[in-house]
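Geometric and topological summary
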Amino acid sequence: MRFVRAVWKLLVGIKDALVLVLMLIFFGALWAALQGGPKPIGKGVLLVNLDGALVEQPSRPSATSLVGGGSGAMREHRLRDVVAAVDAAAKDDRVKAIALDLEKFVGGGQTAIATLGEALDGARKAGKPVLAYATGYTDDGYQLAAHASEVWMNPLGAVAITGPGGTNLYYKGLLDKLGVTANVYRVGTYKAAVEPFTRNDMSPEARVNAEALGLALLETWRDDVKRARPAAAGTIDAYVNDPVALIRAAGGDFATAAVNAKLIDRAGERHAFNKRLAELGGEADDGAIPYRQIKLRDYIRDLAPGSAHGPIGVITIAGTIIDGKAGPGSAGGDSIAELIDEGVASGKLKALVVRIDSPGGSVMASEAIRQSILAAKQAGLPVVASMGNVAASGGYWVATPADAIFAEPSTITGSIGVFGILPSFQGSLAKLGLGADGIKTTPLSGEPDLMRGPSPEAGALIQAGVESVYGKFLSLVAASRKKSVADIDRIAQGRVWDGGTARQLGLVDQFGGLEDAIAKAAALAKTDDRAVTWLDQPPSFEDRLLEMLSGDDEADEGSTDALASLAPAPALLLSRVIDDLRHILAGPSIQVRCLECPPTPRALAPTTADAGWLAWFSRA
């Protein structure tokens, strides 16, 4: 038996050793793959396949996105990476042309589209052909395609411009049926975010605000398209206002109508488009790809051999501002504050640029970020705010310390207002035949009472908290803009503004993008060096592994119906409904919800649970 046990132990030891060796080999190979440089870039066409959303800051990769080959995941392309690739391609002799594949493009917002469009314009001026292809073009897709020198479309495709606007869901009737009472506390005539829980339709005030904002955004969209594509300047208005007439005049053929209106240059199948790219970039040796192709991901990696360490620090605040720490794509207050503090503590920065693409969120988190920005100013760093698609409510709160605020005409900003929603379930209990009772030793015992509804004293306290936060908000903006509190109150009240109007009102100093803000920061710091240090969270080993396993970003998933993109995907609509309901059922907290701010396809990260009376005053 001793011999058998000895042999068994030997076999187990050999097995364990083999497993250890295999694990070392696997992880060694994996580490080598992660450390390996980008593929050599040859001559050809830079394929900018925007199969997903164009975002300010991509979310952290998730292992769940790999299930089923990642088919359920929405790809996110970082705006600054794509812009840098196009800018570099304009001067790169290896790049013979730039191809925009917009077949699966879901959008990115007018401001982001205009920024990338400027880069494409620069490439065209440098002599690089820019070609765009899609089966169907809607607002964002066509705005970007308009910057191409050749706009192609599938013969069965369509250009369908919807413009800003649409229908919101209102839950008052549903809540009544369920017996849920939405106790609302608000300041601001135009704080429309609470209306879905208190009404079954849009209030006149909210309609006025939404229409003014929508018309302003439509005008900036038209201006950008007309500048980018002069051939369509005389027809785009007619096509937007009465597309049916133009399509009927073309015999009901959508593609012919688009060609006649000079919105596109050619209706052609994908193989014809690829043949054209082969003429520009050369035929590929691999028969699977008809033209010499430079993949966007490889090209971006080729451009970034190392981290930049310039004197201008750039911190990105993207997504909903939430309490605590969070990964990229969600603006965790503590995470962003730490990144700013670490950048300042390094002693290498001479100025700070705050890039904002956020509809707001937690007051406490916004204030934590603001305090870190103030600390940077106290350390002698000038601060410049750069607004992207959206910088509203809490997104404006964090911009208040800036020495200068830059935005674009299409930026959505303002929403200086505060509200709170506290659900109570006395009606639900009655429907179920349940009762709720208890004792009080003080007016606030057991409050907020979600079973019987908050007491008058609790309601008064919550309303006072909302008003206190609003007063703080007004004071911050007034001091920042060098105006009186009364002046700010007249343009606040929760109203959302387009960037052009915001500049007229003094909420924004100058028009311009991120590069303009960086130039301003360098000027304020009195330095000619505009190199930047991106104050980003470094990717973890897990992040890099998931990115590597996520597959090729140029995978062809086939075409979609031309008009399918007109309607939001059912999953996105359901996600929006669930998110709205989650906000009211999440418990006592003061929140900001901007119905006028366009929803993004990115799933919203869950917020940290609030607790206690302080949480009632925690969102703006």
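Since the structure is predicted, the reported quantities are computational estimates derived from the model, not experimental observations.

This part takes up the pairing of strand β15 (residues 404–407). Burial of β15 is two-sided: the residues A404 and F406 facing one way and the residues I405 and A407 facing the other way are all buried. Alignment of strand β14 (residues 383–392) against β15, held across three bridges, turns out to be parallel. Looking at the pairing, A385 lines up with I405 of β15. For β15 and strand β19 (residues 510–511), the ladder comprises two bridges, and the chain directions are parallel. Directly across from F406, in β19, lies its bridge partner Q510.

Glancing now at the packing of helix α2 (residues 79–90) against helix α3 (residues 110–125). Look at α2 against α3: their axes get within 8 Å of each other, and the N-to-C directions meet at 10°. Compared by their axis directions, α2 and α3 come out roughly parallel. Residues L79, V82, V83, V86, D87 and A90 of α2 form the contact with α3, whose participating residues are A112, T115, L116, A119, L120, G122 and A123.

All right, on to the sheet that holds strand β6 (residues 150–159) then. Sheet strands associate in pairs through backbone hydrogen bonding, adopting either a parallel or an antiparallel arrangement. The sheet built from six strands is open, its strands ordered β8-β6-β5-β4-β1-β9 with parallel pairing. The sheet is open, and its two edges are formed by β8 (266–267) and β9 (293–295), each paired on a single side. In the sheet, β6 pairs with β8 via two bridges, with the strands oriented parallel. Its bridge partner being in β8, M153 is matched across the sheet by A267. Across the sheet, helix α12 (residues 296–303) is in contact with β1 (44–49), β4 (95–101) and β9; its angle to β9 comes to roughly 65°.

How each quantity is defined
- Throughout, residues of each chain are indexed from 1 in the direction in which the sequence is written.
- In keeping with the model being predicted, local features are shown solely for residues with a pLDDT of at least 70 and side-chain atom pairs are shown and tallied solely at 80 or more, while totals for entire chains, interfaces and linings include all residues.
- The basis for every side-chain value is the complete set of heavy atoms in the structure, and neither hydrogens nor water enter the calculation.
- Summary of the burial criterion: residues with accessible area below 20% of their type's maximum are buried, those above 50% are exposed, and those between are partly exposed, where the area comes from a 1.4 Å probe applied to protein chains only.
- Counting from the N terminus, the helices are the DSSP runs of H or I reaching at least four residues and the strands are the DSSP runs of E reaching at least two.
- A pair of strands is labelled paired if DSSP reports no fewer than 2 bridges between them.
- Axis lines are fitted to C-alpha atoms, over the contacting stretch for helices. Their N-to-C directions set the angle, which ranges from 0 to 180 degrees.
- Orientation categories follow fixed angle ranges, with anything under 35 degrees roughly parallel, anything over 145 roughly antiparallel, 65 to 115 roughly perpendicular, and all other angles oblique.
- Residues count as neighbours in contact if any of their non-hydrogen atoms are within 4.5 Å of one another.

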